[in-house]
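Below are the chains, spelled out letter by letter.
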Amino acid sequence: DTGVSQDPRHKITKRGQNVTFRCDPISEHNRLYWYRQTLGQGPEFLTYFQNEAQLEKSRLLSDRFSAERPKGSFSTLEIQRTEQGDSAMYLCASSSSQEYEQYFGPGTRLTVT
Amino acid sequence: DAKTTQPTSMDCAEGRAANLPCNHSTISGNEYVYWYRQIHSQGPQYIIHGLKNNETNEMASLIITEDRKSSTLILPHATLRDTAVYYCIVYISNFGNEKLTFGTGTRLTIIP
C-alpha cells in the first residue's frame, strides 16, 4: 500500500487554459474526495465519490470544474478556462465506507499566471 | 456541523506536552470531535477522534469536557516533527467518510 498519490505535484498554466489532475486512491478504498486549499486556509471540500458515483458537490465546484471517477478507481479533476482565483493546492483523499479516517495525498499545487 | 474555535498559533518546547484547545460550544449530542494535522507541504493526517470519553492512541490523547463544549488534544512529548497546523473538526459520524469542514486550525511550533 503506497498511499494516495496525485499527479502532477505542481502545475503552472496560463489563464484560460484547461488543466486536469489525477488522483489514485488506496486500492481498496471505495470513497474518494477532492478538496481545495488556498494559502493560510484549511482545506475546503469540493466533491466526493462512492465507487464511480459522485454523491455530493460543493457550491465551490463551478461549472468550469468537473470530476470523474471511471470504474471507481482513479479520479480526475478538470478545470476549464482557468482563472487566477483557481490558484490553490488541490488535495485528494480516500477512505472505505466503514472507516473513520480519510487518507490524504500530497496535493497538486496549481498556479495560474 | 458545529463550528469550532481554535487559537491561531501556539509554541511548545521540545519534549514537553503540547496541549491544543478547541471550543465547540454548539456541538450536538451525536457529533464527534476529530483532529487532523497538516505538516508543511503535505496533505492532512488523521490523529484521533472521540464522542464523549477521553481517547488515547499512539499519537495523542483527546480530552473532551463533560459538557462536550470543548476539548484538548495532547501530544505528550512533542518533537520537532510535530510542528504543523492542527485542525479540530466536529463531525456527525463515527465514520469520517463524508465531507470534512476544516477551519483555519492552530499553527503549533515546537521550539528546540
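The coordinates are above.
Predicted, not measured: the structure shown is a model, and the values here were computed from it. Every chain is numbered on its own, with residues counted from 1 as its sequence reads. Key to labels: chains lettered from A, ligands numbered from 1, both in the order written. In view of the model being predicted, local features appear only for residues whose pLDDT reaches at least 70, and side-chain atom pairs are presented and counted only at 80 or more, with totals across whole chains, interfaces and linings using the full set of residues. Hydrogen atoms and water are omitted, and side-chain values are computed over all heavy atoms in the structure.

J.: Give me the lowdown on the nonpolar core, citing residues and values where you can.
T.: Judged by nonpolar contacts, the single largest core of 21 residues is most densely connected at Trp 35, Leu 73, Tyr 86 and Leu 108 of chain B. Of all elements in the fold, only β2 (18–23), β3 (32–38), β4 (45–50), β6 (61–64), β7 (70–75), β8 (84–91) and β9 (106–111) of chain B reach the threshold of two or more residues within this core. When residues in this core are grouped by element, the largest group, 4 residues, is from β8 of chain B. It only takes one pair of heavy atoms within 4.5 Å for two residues to be counted as in contact. Apart from residues no more than four positions distant in its own chain, Leu 73 of chain B is found in contact with Ala 18, Asn 19, Leu 20, Trp 35, Ile 47, Ile 48, Ala 60, Ser 61 and Tyr 86 of chain B. Joining through side-chain atoms within 4.5 Å is the link that ties buried Ala, Val, Leu, Ile, Met, Phe, Trp, Tyr and Cys residues into a set, and such a set is a nonpolar core. Note on exposure labels: buried denotes an accessible area under 20% of the residue type's maximum, exposed denotes more than 50%, and partly exposed covers the range between, all computed with a 1.4 Å probe on protein chains only. Cys 23, Leu 61, Ile 79 and Cys 92 of chain A belong to the second-largest nonpolar core, a separate cluster that totals 19 residues. Put simply, DSSP marks the helices as runs of H or I at least four residues long and the strands as runs of E at least two long, and each gets a number from the N terminus on.

J.: An account of the sheet that holds β6 of chain B is needed here, citing residue identities and associated values.
T.: Two pairing modes exist for strands in a sheet, parallel and antiparallel, and in both the strands are linked by backbone hydrogen bonds. Residues and elements named next belong to chain B. Here 4 strands make up an open sheet; going across it, the order is β2-β7-β6-β5 and the pairing antiparallel. Every interior strand has two partners, whereas the edge strands, β2 and β5 (55–56), have only one. Looking at chain direction, β2 and β7 are connected through 6 bridges and run antiparallel. The residue bridging Asn 23 from the neighbouring strand is Ser 70, located in β7. For two strands to pair, DSSP has to find at least two bridges joining them.

J.: Tell me about the interface of chain A and chain B, and please be specific about residues and values.
T.: If you look at the interface, chain A gives 24 residues, while chain B gives 19 residues. Buried area: the sum, over both parts, of the accessible surface (1.4 Å probe) that disappears when the two are put together. Summed over both sides, the interface of chain A with chain B buries roughly 1700 Å², with 52% coming from carbon and sulfur. Between Lys 99 of chain B and Glu 56 of chain A there is a salt bridge, with the nearest N and O atoms lying 3.0 Å from each other. For this analysis, a polar contact is any N or O atom pair within 3.5 Å, provided that within protein one partner can donate a hydrogen and the other can accept it, and provided that sequence-adjacent residues contribute only side-chain to side-chain pairs. Linking chain A with chain B are 6 residue pairs in polar contact (both at pLDDT 80 or more). For the side of chain A that touches chain B, the elements supplying multiple residues, two or more each, are β4 (31–37), β5 (44–50) and β9 (88–95) of chain A. Looking at which element gives the most residues to the side of chain A that touches chain B, the answer is β4 of chain A, with 4 residues. Taken together, the residues that form the side of chain A that touches chain B break down as 9 nonpolar, 10 polar and 5 charged. Each salt bridge in this description consists of a side-chain nitrogen of Lys or Arg and a carboxyl oxygen of Asp or Glu lying within 4 Å of one another. Gly is placed with the polar residues, together with every amino acid not listed as nonpolar (Ala, Val, Leu, Ile, Met, Phe, Trp, Tyr, Cys and Pro) or charged (Asp, Glu, Lys and Arg).

J.: Describe the sheet that holds strand β8 (residues 75–79) of chain A, with residues and values.
T.: All names here are of chain A. Reading across from one edge, β1-β3-β8-β7 is the order of the 4 strands in this open sheet, with antiparallel pairing throughout. Looking at the sheet topology across the chains shown, the edges are occupied by β1 (5–7) and β7 (65–68). Averaged over all adjacent pairs, the angle separating strand axes in this sheet is 15°, with direction ignored. The sheet contact formed by strand β3 (residues 19–24) and β8 spans 5 bridges and is antiparallel. Across the sheet, Cys 23 pairs through a bridge with Ser 75, a residue of β8. Between the N-to-C directions of two axes lies an angle of 0 to 180 degrees, each axis being a line fitted to C-alpha atoms and, for a helix, fitted only over the stretch in contact.

From the geometry alone we can't say anything about function, so treat these as descriptive.
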